[in-house]
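# Analysis of the macromolecular model
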Amino acid sequence: MGELVSSNPVNGEEVGRVVVTDPADIPGLVQRARVAQRAWRALPIEERAAMVAAAGPSIVERSRELGELLTREMGKPIQAAVGEVLSCGRGLKEEVDEIANALRPEVLDDGRTQTTLFHDPYGVCAAITPWNFPISMPHWLVVPALVAGNAVVLKPSEETPLIADAWARILQEHLPADVLQIVHGDEQQGKALVAADVDLVAFTGSRNAGAHILSAAGGELKRVLLELGGKDPLIVLEDADVDAAARFAARNSFRNTGQVCVSTERIYVHESVLPEFTEKLVDEARAMVVGDGLDAATDLGPMINARQKQHVVAQVRDAAQSGAHVVFGDTEAEGNFLGPIVLADVDHTMDIMREETFGPVACVQGFSRVEQAVELANDTPYGLGAVVYGGDSAEAVARELDAGMIGINRSCGGASGSPWVGAKQSGYGFHSGPHGHRQFTQVRIVSRPK
Ligand code: NAD
């Protein structure tokens, strides 16, 4: 099948290459996973958890080297890259303990019948992941699937095969053969994996690919877990701390060059604080440094590739032609680079307020009534995250938002133990936290008379 060349988005230079998996080999690979899974699931969950956790120290030890590879392969600033690696290594022991606890059998007893409720593995799990957090995304799906007793076949993004491969190899050193295997390639290999004899497809990626997977898996009613794109709103109320809201907006619109599923993509600001908010947001944007992620001063690395940059540029230009005002930034940067852009006077007739951007663009629209802000925020098929900045009334506004994760005066992610969950077309099933870990299992009950 040849090789997949992974190149640095800064300059197009080759970072490395992997052998592409022949789709015709995928059914055999899944079959090997099925055989390996029998012995894997027979181990006590604590043993499986300990084997997975044993990878933690190596991941931490190699965080600098892996972080540099991550930056060279997808462009994010080195501190963020090393942080991503560390986040997958440092807490691994606590994480696998949380998974093992969540999956303990439960006993139900009504005086006449005693029932034990088990969380059993499904069997073979296909994990298909994107490039924007190329270690965390595989980690979030593969770790709970494995600890639950599934064998996993991972297909990482074709944009970031090297870093995913390096991470998977560390895990493989601590696991029995074939319990975790890796398939390289693009959507062709992804489709072949979904079509193979897998029991669960756990996917993180775009809404379109997710919809395709759902229908491809539907014929045989395979279990499917989808974490998809977003179009997250931020509502800034009249009584918000405007400094804090603008700082949050800048960070959450521009971090990872806007290539984050829970990026702030739409900002609705009460008109009484709109000029002040916009000015502060522009100040924040102006202070951001664009460059090679390996340079410690860089805030925004390059976009992943020319296609993604072109998509963002086209949305910005289309919005500007339809009446949006570019109050900061431009689309003129060289190569895959794109600096922070602030757009004002946007509205929902524009593609940039409806379709996922996945780029460093903050779009600001004013509102006069809170009901109007809520209506605009919910006017989307997406429903991943949402954030409200404001005083006491922010709580009530948050409860009106049709998203899976809502933050008040902070980002949308929850306390430790929370699920990562999308509403509407941003998700189908969810992962993380005790509730999420159980999604990698078949619930089964065994009952007997008392
Ligand atoms: P993508 O959907 O293009 O690709 C994701 C993965 O799916 C890749 O490995 C790709 O090769 C594979 N793939 C593509 N089409 C497929 C198909 N029909 N069948 C099987 N596999 C297929 O997404 P991307 O560009 O890699 O990532 C960006 C998207 O991911 C954005 O929409 C972003 O919001 C989303 N995302 C969501 C979350 C979340 O937690 N909800 C997290 C990160 C990224």
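Note: the structure precedes this text.
Residues numbered from 1 in each chain as written. Predicted model: local features only at pLDDT ≥ 70, side-chain atom pairs only at ≥ 80, totals over all residues. Heavy atoms only, no water.

Along the chain, H437 turns up in helix 16 (residues 433-437). A distance of 2.7 Å separates the side chain of H437 from the side chain of E98, its partner in a polar contact. Those residues in contact with H437, other than ones at most four positions away along the chain, are E98, I99, A102, L103, P144 and S432. (Helix = DSSP H or I, 4+ residues; strand = E, 2+ residues; numbered from the N terminus. Polar contact = N/O pair within 3.5 Å; in protein donor to acceptor, adjacent residues only side chain to side chain. Contact = heavy atoms within 4.5 Å.)

Here the focus is the environment of F118. Here F118 shows up in strand 4 (residues 113-121). Residue classification places F118 among the partly exposed positions, given a relative accessible area of 28%. C-alpha separation for the pair F118 and Q442, spaced 324 residues apart in sequence, amounts to 8.0 Å. Setting aside chain neighbours within four positions, we find F118 in contact with P105, Q442, V443, R444 and V446. (Buried < 20%, exposed > 50% of the residue type's maximum accessible area, 1.4 Å probe, protein only.)

Within strand 10 (residues 232-236), five of the five residues are buried, which leaves it mostly tucked inside the rest of the structure. Side chains of strand 10 alternate between two faces, with D232, L234 and V236 and P233 and I235 buried alike. As defined by bridge partners, strand 10 adjoins strand 11 (residues 264-270) across five bridges and the pair is classed as parallel. Note on strand 11: the bridge partner recorded for L234 is I267. Taken together, strand 10, helix 11 (residues 242-254) and strand 11 constitute a β-α-β crossover, and its handedness is right-handed. (Pairing = 2+ DSSP bridges. Right-handed = clockwise from strand over helix to strand, strands pointing away.)

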